[in-house]
Amino acid sequence: LTIAIACGCLLGVFALVLLFSRRAIAPYLRNLSVQKQFITNAGHELKTPLTAISTSADVLAMEYPGDEWAENIQAQSARLARLIADLVTLSRLDEENPFPEKTEFSLSDAVWEITEPFSSLAAAKGKRYSQEIEDGVLLTGDRQAVQQMVSILLDNAVKYGAEGGHITLTLEKMDRQARLTVSNPGDPIPPEHLAHLFERFYRADASRGEKSGFGLGLAIADTIAWEHKGALKAESDAASTRFTFTIPLRKQA
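Residues numbered from 1 in each chain as written. Predicted model: local features only at pLDDT ≥ 70, side-chain atom pairs only at ≥ 80, totals over all residues. Heavy atoms only, no water.

**Examining unusual backbone geometry**
Right, so step 1: The phi dihedral of Phe201 is positive, around 65 degrees, even though this residue is not glycine.
Right, so step 2: Mapping Phe201 onto the fold places it in the loop between α6 (191–194) and α7 (217–227).
Right, so step 3: A positive phi angle, near 65 degrees, is found at Lys229, a position not held by glycine.
Right, so step 4: Judged by relative accessible area, which is 67%, Lys229 ranks as exposed. (Helix = DSSP H or I, 4+ residues; strand = E, 2+ residues; numbered from the N terminus. Buried < 20%, exposed > 50% of the residue type's maximum accessible area, 1.4 Å probe, protein only.)

Here it is as structure tokens:
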């Protein structure tokens, strides 16, 4: 009888904890849902006036070639468009299941496809680019999202790599894991900044101004990696800064 009463009390306490915890977290969940909806709606609403501003700036630039004001409006409009796109992307990634239709695809081919223009882009910035991509690496997930993650890592390497540096990308299969590494030489990132690189709106060097971006790219890349059951890690030393994405592969039949 004592054991039965004790078990009943434990079940009662558990039920009360469950009930009150749900009530306590409900306002937070509602606020989070409203916040995500606001970001999505605001992003769509801002696109229309932003498109008008950008188009007007393009017309001014054609009528007055070399005008610094028109060029500045163009640059800031493009920057604002990128910010809106990043915010909407993060809002979508915060959903319970952002990639409902995951399919098996060739990670090797997807990386080849997205990296094709980066050699020319790096050369335009006075840098070299090379890659080693192992064939036959298959992954189950969202192909477009994974390509976006790789593009973000390469964009950062081109933007922050040392002048004349050599940017490298490797994709290899190790045991039951795929590992993708993007490396570029440059000033080492201090440990106190390295630990926060994947936080939203965090910028290791805000003094770089526009070059430092909004601090959303790596947050997006990290969330994409996490949603695919993978991990994204950053390392930095005197030789280079490296971003490594590892993900388990499904055992082949």
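The rest of the description comes next.
**What about the environment of Trp112?**
Right, so step 1: In this structure, Trp112 sits in helix α3 (residues 107–115).
Right, so step 2: By relative accessible area, which is 41% here, Trp112 ends up partly exposed.
Right, so step 3: Counting along the chain gives 59 residues from Trp112 to Leu171, while the straight-line C-alpha distance between them is 10.0 Å.
Right, so step 4: With residues up to four places along the chain from it excluded, the contact list for Trp112 reads Gln131, Ile133 and Asp135. (Contact = heavy atoms within 4.5 Å.)

**So, the packing of helix α5 (residues 143–160) against α7**
Right, so step 1: One way to put it is that α5 packs onto α7 with a least axis distance of 9 Å and a crossing angle of 145 degrees. Handedness of the crossing formed by α5 with α7: left-handed. Only Gly217, Leu218, Ile220, Ala221, Ile224 and Ala225 of α7 make contact with α5, whose side of the interface consists of Ala145, Val146, Gln148, Met149, Ile152, Leu153 and Asn156.
Right, so step 2: Across the contact of α5 with α7, the residue classes break down as ten nonpolar, three polar and no charged. (Axes fitted to C-alpha atoms, helices over the stretch in contact; angles between N-to-C directions. Left-handed = near helix turned anticlockwise from the far one by under 90°. Nonpolar A, V, L, I, M, F, W, Y, C, P; charged D, E, K, R; others polar.)

**Side note on the nonpolar core**
Right, so step 1: Counting 45 residues, the largest nonpolar core has Leu107, Val111, Met149, Leu169 and Leu180 as its most contacted members.
Right, so step 2: In terms of residue count, the dominant contributor to this core is α5 (nine residues).
Right, so step 3: Those residues within four positions of Leu107 in sequence are excluded, and the remaining contacts are Val137, Leu138, Leu139, Val146, Leu171 and Ala178. (Core = buried A, V, L, I, M, F, W, Y, C linked by side-chain atoms within 4.5 Å.)

**What about the sheet that holds strand β2 (residues 128–133)?**
Right, so step 1: Strand order in this open sheet of five strands is β2-β4-β5-β7-β6, and the pairing throughout is mixed. Looking at strand neighbours, the two that pair on one side only are β2 and β6 (231–236), the edges of this open sheet. Taken over all neighbouring pairs, the strand axes of this sheet differ in orientation by 10 degrees on average, direction set aside.
Right, so step 2: The sheet strands contacting α7 are β6 and β7 (241–248), and the helix crosses β6 at an angle near 135 degrees. (Pairing = 2+ DSSP bridges.)

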